Amino acid sequence: GEIIYATKVLDTTVSAKVLMSEEEREAIKKERKEQNKKGATPKYKNVEVAAKLHVSYSAKRALKDANDRERAVAKARKKIADGTANSSLKYGSNKYFITDNELKITGIDEKKIEEEAKWDGYYAVITDNIELTSDQVMELYGTQWKIEDCFRILKTDLEARPVRVFK
């Protein structure tokens, strides 16, 4: 029958920016001085890191993705009909607009809708922790919203009063 859930793990490498040590920075600074190069010495270097790409497919997620896209396309069509469409912002339902050279909206991009429909239900997470299984990675990533919510609360609701210290 129908595939309800499937995962696949692919080996890959990822380019990451890593803070250089003081010794490395001094060596680069010396080399740049010998070559008469001007400007600041870089603080970071690019390093290739071994990683795993965990790709999953879920039929439930595919239905959600299709419904979300249909709602966004309907909203875009309504904006065009109402004349309230704004092509300067290219996210949400506006990403489906076709614009001419003067940024006037000429219609809906059906090819983009078809291209996005191909990826309904697929989800990919890349990690440098190569010991984790796909289920563990998806579970950990699924709890990310809790961490983001804690940071959101910390940034908005934290109130402090001035502290005065007396001798």
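Only a predicted model underlies this, so the values are computations on that prediction, with no experimental measurement involved. Sequence positions are assigned chain by chain, starting from 1 and proceeding in written order. Local features are withheld for residues below a pLDDT of 70 in this predicted model, meaning they are given only at 70 or higher, and side-chain atom pairs are given and counted only at 80 or more; totals for whole chains, interfaces and linings count all residues. Here the side-chain values reflect all heavy atoms present in the structure, with hydrogen atoms and water set aside.

## Remarks on the sheet that holds strand E2 (residues 44–58)
(1) Moving on: The pairing criterion for strands is at least two bridges between them, as found by DSSP. A helix here means a DSSP run of H or I that spans at least four residues, while a strand means a run of E at least two residues long, and both kinds are numbered starting from the N terminus. The antiparallel open sheet is built from 3 strands, whose spatial order is E1-E2-E5. Bordering the open sheet on either side are strand E1 (5–19) and strand E5 (122–127), each of which pairs with just one other strand. Direction aside, neighbouring strands of the sheet carry axes that sit 25 degrees apart on average.
(2) Moving on: Where E2 meets E5, 6 bridges bridge the pair, whose relative direction is antiparallel. When the bridges of E5 are listed, Ser 56 appears paired with Tyr 123.
(3) Moving on: Running over the sheet, helix H2 (residues 59–82) touches E2 and E5 and is turned about 100 degrees from E2. Axis definition: a line fitted to C-alpha atoms, limited for helices to the stretch in contact. Angles are taken between N-to-C directions and run from 0 to 180 degrees. Contacts are assigned to residue pairs that have any heavy atoms within 4.5 Å of one another.

## Some words on the pattern of salt bridges
(1) Moving on: Each salt bridge in this description consists of a side-chain nitrogen of Lys or Arg and a carboxyl oxygen of Asp or Glu lying within 4 Å of one another. Here the structure, examined in full by the defined rule, presents 11 salt bridges.
(2) Moving on: The residue Arg 69 makes a salt bridge to Asp 120 at a minimum N-O spacing of 2.7 Å. Taken together, the positions of Arg 69 in helix H2 and Asp 120 in the loop between helix H3 (110–117) and E5 put the pair 51 residues apart, joining distant regions of the chain. Considered together, Arg 69 and Asp 120 belong to a single accessibility category, that of buried residues.
(3) Moving on: Where Glu 110 meets Arg 77, a salt bridge forms, and the shortest distance between an N and an O atom there is 3.0 Å. With Glu 110 in helix H3 and Arg 77 in helix H2, the pair connects residues that are 33 residues apart, well separated along the chain.
(4) Moving on: Three exposure classes are used, based on accessible area relative to the maximum for each residue type with a 1.4 Å probe and protein chains only: buried under 20%, partly exposed in between, and exposed over 50%. Taking the relative accessible area as the measure of exposure, Glu 110 reaches 39% and is therefore partly exposed.
(5) Moving on: A network of salt bridges, in which partner residues are shared, links Lys 64, Asp 68 and Arg 71.

## Concerning the confidence of the model for the protein
(1) Moving on: Per-residue confidence from the predictor is given as pLDDT, running between 0 and 100. For the protein, per-residue confidence averages 89 on the pLDDT scale, and 98% of positions sit at 70 or higher.
(2) Moving on: When mean pLDDT is compared element by element in the protein, H3 scores highest at 95, while helix H5 (residues 144–157) scores lowest at 83.

## Some remarks on the packing of aromatic side chains
(1) Moving on: Aromatic rings from Phe, Tyr and Trp, taking only the six-membered ring of Trp, are treated as a pair when their centres fall within 6.5 Å; an angle between ring planes under 30 degrees marks them as stacked, one over 60 as edge-to-face, and anything in between as tilted. Scanning all chains against the criterion turns up 3 aromatic pairs.
(2) Moving on: When the ring of Trp 119 is compared with that of Tyr 122, the centres are 6.1 Å apart and the planes differ by 75 degrees; the resulting orientation is edge-to-face.
(3) Moving on: Judged by its relative accessible area of 52%, Trp 119 is exposed.
(4) Moving on: Looking at Tyr 122, the relative accessible area reads 42%, which means it is partly exposed.
(5) Moving on: Both rings, one in Tyr 123 and one in Tyr 141, keep their centres 5.8 Å apart while their planes meet at 50 degrees; by these two values the pair is tilted. Residue Tyr 123 is found in strand E5, and its partner Tyr 141 is found in helix H4 (residues 134–142); the two are separated by 18 residues along the sequence.
(6) Moving on: What links up through ring pairs into an aromatic cluster is the set Tyr 57, Trp 119 and Tyr 122.

## Some points on a nonpolar patch on the surface
(1) Moving on: Residues Ile 147, Phe 151 and Leu 154 make up a contiguous nonpolar surface patch of about 310 Å² in total accessible area.
(2) Moving on: For Phe 151, the position within the fold is in helix H5. Residues qualify for a patch when their relative accessible area is over 30% and they have no salt bridge, like charges being joined within 9 Å and the nonpolar side chains of Val, Leu, Ile, Met, Phe, Trp and Tyr within 5 Å. Computed by Shrake-Rupley with a 1.4 Å probe, the accessible areas treat only the displayed protein chains as cover when residues are assessed.

## Let's talk about the pairing of strand E4 (residues 105–108)
(1) Moving on: Relative to E4, strand E3 (residues 97–99) runs antiparallel, the two being bridged by 3 bridges. Note that in E4 the partner of Phe 97 across the bridge is Ile 108.
(2) Moving on: Hairpin connection between E3 and E4: a loop of 5 residues separates the two successive antiparallel strands, and Leu 103 in this loop has a positive phi of roughly 60 degrees.

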